[in-house]
Amino acid sequence: MATLQLSALQKRYANGFVALHGVDLAVEDGELIVIVGPSGCGKSTLLRTLAGLESITSGELTINGRRVNELEPAERDIAMVFQNYALYPHMSVFDNMAYGLKNRGVPKDDIRRRVNATAELLDLGALLDRRPRQLSGGQRQRVAMGRAIVREPQVFLFDEPLSNLDAKLRVQMRLEIRRLQKRLKVTSVYVTHDQTEAMTLADRLVVMNAGRVEQCGTPMALYERPATRFVAGFIGSPAMNFLPVTVHGERLRLPDGGELTLAAGLEAGSALTLGVRPEHLVALDEGDATPEGGAVIQATVEMIEPLGADTLAYARMEGLDELLVVRLHGEHAAGEGSVLRLWLSPERSHLFGDDDRRIEAHRATPVTGSRG
Amino acid sequence: MRYQRPGLDLASHLLLAVGCGLFFLPVWLAFTASTHSMSDLYANVAPLWVGDAGLSNYARLIHDPVSGLGTDVLRLLANSMVMALGIAVGKIAISLLAAYAIVFFRFPLRRLCFWLIFITLMLPVEVRILPTYEVVADLHLLDSYPGLILPLIASATATFLLRQFYLTIPPELVEAARIDGAGPWRFLRDILLPLSKTNIAALFVIMFIYGWNQYLWPLLITTNADYLTVVVSLKRLLTTGDALVPWQDVTATAMLAMGPPVLVILLMQRYFVKGLVETEK
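Residues numbered from 1 in each chain as written. Chains lettered and ligands numbered in written order. Predicted model: local features only at pLDDT ≥ 70, side-chain atom pairs only at ≥ 80, totals over all residues. Heavy atoms only, no water.

All right, on to the domain arrangement of chain B then. Accessible area lost upon the coming together of the parts is a frequently used measure of interface size. Residues and elements named next belong to chain B. By the assigned domains, chain B splits into domain 1 (1-63) and domain 2 (70-277). For domain 1 versus domain 2, the distance between C-alpha centres works out to 30 Å. Opposite the 15 residues of domain 1 that make contact, domain 2 presents 15 residues. Of the roughly 1300 Å² buried between domain 1 and domain 2, counting both surfaces, carbon and sulfur atoms make up 74%. Taken together, the connections running from domain 1 to domain 2 amount to one salt bridge. A salt bridge links D249 to R60, with the nearest nitrogen and oxygen atoms 3.3 Å apart. Scanning the region where domain 1 abuts domain 2 turns up four residue pairs in polar contact (both at pLDDT 80 or more). Residue assignment for the side of domain 1 that touches domain 2 shows that the elements contributing at least two residues are α1 (6-33), α2 (38-43) and α3 (54-63). Along the lines of polarity and charge, the residues of the side of domain 1 that touches domain 2 split into 10 nonpolar, four polar and one charged. (Domains from an automatic or database assignment. Contact = heavy atoms within 4.5 Å. Buried area = accessible area lost by both parts, 1.4 Å probe. Salt bridge = Lys/Arg side-chain N within 4 Å of Asp/Glu carboxyl O. Polar contact = N/O pair within 3.5 Å; in protein donor to acceptor, adjacent residues only side chain to side chain. Helix = DSSP H or I, 4+ residues; strand = E, 2+ residues; numbered from the N terminus. Nonpolar A, V, L, I, M, F, W, Y, C, P; charged D, E, K, R; others polar.)

Right under this line is the structure:
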């Protein structure tokens, strides 16, 4: 049981490359923090500095209030689960799990008891004599988890532990990790580039970009109120649509000439970005009345991706270079070439300034001038 | 790939058999010669079948000092064994540590160290034999086991092979061991050594035979019969001046000299092939 505190943590490599530009983060006891970001954003480096596998250039890292910057990985009382599991190939499952305890001088009887208990917990009891190479991917993954759990560490660190598994197993192991973490209540930091994994596992989510923390909060908070355009584009699948808009008096002019009113003292003439998620664009049927507020835009469907429960439509909107992605309900019969009337709700829209930061402007007033 | 052509099978097996026969014939001739008496050998052409003096020839060589050598063959074999084992074990121990340092530790001039070791591959014993002799003589190591072993104990080949193997070990394994609290020595003992078992076995076979077959160096530094090795003794048995060459002794000693290397290969061939072919990860 532990808290983890990162203060202005910076990592600069010998070649001058700065991988972490001062990261601040407080992880509470028993919390599962997921760090997510594109490759090269520094999320793995961050995890490795927590583990002690990379040195910290400046800033401070404390576990339970104790400064651990200078401590060896083994002295930090952490356990790490690696992407490729990193099991010792010449040791049995039992020895793999026992090795860390043995090095700490835990008595033999204790080791046996703890390994057996952990094996029970992970359903590995029948595999204790096997070598890693005789195990399936999912079993290896569980052994790697077991090796971490058996140590009863203060903090678990997970480095993309599920990315070597196939899709079905990944979902299953994701649930299992969640279940175990809740049960053991061990403070955990989990790194992934898979945003579904991130959304479903996290108590709190940290989105990183280019060595900085872009935003930190609960998954739904990040989904509903992304602080930057980067977070908006990264969280949610398919990604958010971005429309360039300009401010005309009280209104925002859309690329196709339509207008939308958001009540905020915006500087006239400034170029902003409006973001709207594919699932928040509402397709209106023939006879539907235009809802109050927002704007209606027209777009021609160029491509359809049926997913079963719903359908993704890639549609061309006048004045926009990229295709608009719209999530339609499964039964919606939008053929390629058909024209969609899409309602853009002000409540569900996000506005970003030219510095890509969020502008709180979605207190909507009634519509004017939509061309629908 | 397998072809379903019995003719081809037959022809290739025939070729194989002829090849084996050609290689085996000299060994067989040496063996038969070692079982005849000296007078037999000089009276007839080279015998193709075993004679009746075999047991007495071998017993004499093992029990009594051989004329012209001043010691019995058992002693020669023991000397060779000490030298070959010393060289093989020493080479492996040193290369293991050298490769470990080069691959897993960051220290200044690491790259230079590796290349310095590597270029010694191009300098065989014969090239540096005079300075080496000088050094060994100054250290008063002539006619001694250390003198036989030490100058041959460093091996660029083994260092290089082990380095290549170590490089294939995933860095996460090293990191997992660090988190598990294994320091450098423990990592070497618990993880690296067991993983390189087959490579070490293969190197042992190669290095043992290399050590066993050393000729020039032992010839140069041993004058005392107590430190004579069996390979060197063969040549000495042949130089008899005006007397007849005792071929039954020469061939019997050669047969005995072949024993240990053959035994090492037979015992270790399973690991030997594995170590050269696959990397177990």
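Moving on from the coordinates now.
Residue and element names in this part refer to chain B. Roughly 850 Å³ of volume is contained in the largest pocket. The wall of the largest pocket is formed by 28 residues, among which V103, F104, F105, R106 and V174 lie closest to the centre. Counting only elements with at least two residues in the lining of the largest pocket, the list comes to α4 (73-104), α5 (110-119), α8 (156-167), α9 (171-179) and α10 (184-195). The leading source of residues in the lining of the largest pocket is α9, at five residues. Looking at the lining of the largest pocket residue by residue, the class counts come to 18 nonpolar, two polar and eight charged. Along its surface, the second largest pocket is lined by 22 residues, and K91, T120, A154, S155 and A156 are the ones closest to its centre. It is α4 that provides the largest number of residues to the lining of the second largest pocket, a total of four residues. (1 Å grid on protein atoms, 1.4 Å probe; cavity = no way out; pocket = protein on both sides within 12 Å on 5 of 7 lines; lining within 4 Å. Points joined across faces, edges and corners; volume = space filled by probe spheres on them.)

The subject of this paragraph is the nonpolar core. The biggest cluster of nonpolar side chains holds 83 residues, and the ones touching the most others in it are L4, L6 and L157 of chain A together with Y166 of chain B. At 10 residues, the largest contribution of residues to this core is made by α4 of chain B. Contact partners of L4 of chain A, with chain neighbours within four places excluded, come to L25, A26, V27, L50, L61, T62, I63, V155 and V189 of chain A. In this structure, V34, V81, Y85 and F158 of chain A belong to the second largest nonpolar core, which totals 47 residues. (Core = buried A, V, L, I, M, F, W, Y, C linked by side-chain atoms within 4.5 Å. Buried < 20%, exposed > 50% of the residue type's maximum accessible area, 1.4 Å probe, protein only.)

Further remarks concern the pattern of salt bridges. All names here are of chain A. Under the counting rule described, the total for this entry stands at 19 salt bridges over all chains. A salt bridge links E259 to R251, with the shortest nitrogen-to-oxygen separation between them at 3.1 Å. In this structure E259 comes out as buried when scored by relative accessible area, which is 8%. Among the salt bridges present, the one from D310 reaches R327, with a minimum N-O distance of 3.2 Å. Of this pair, D310 sits in strand β17 (residues 310-317) while R327 sits in strand β18 (residues 324-329); the two residues are 17 residues apart in sequence, bridging distant segments of the chain. Taking the relative accessible area as the measure of exposure, D310 reaches 17% and is therefore buried. With relative accessibility at 24%, the residue R327 sits in the partly exposed group.

Contacts between the two partners involve 25 residues from chain A and, on the opposite side, 18 residues from chain B. Carbon and sulfur atoms make up 56% of the surface buried where chain A meets chain B, a total of about 1800 Å² over both sides. The interface formed by chain A and chain B contains three salt bridges. Applying the counting rule to chain A against chain B returns 11 residue pairs in polar contact (both at pLDDT 80 or more). Along the lines of polarity and charge, the residues of the side of chain A that touches chain B split into 14 nonpolar, five polar and six charged.

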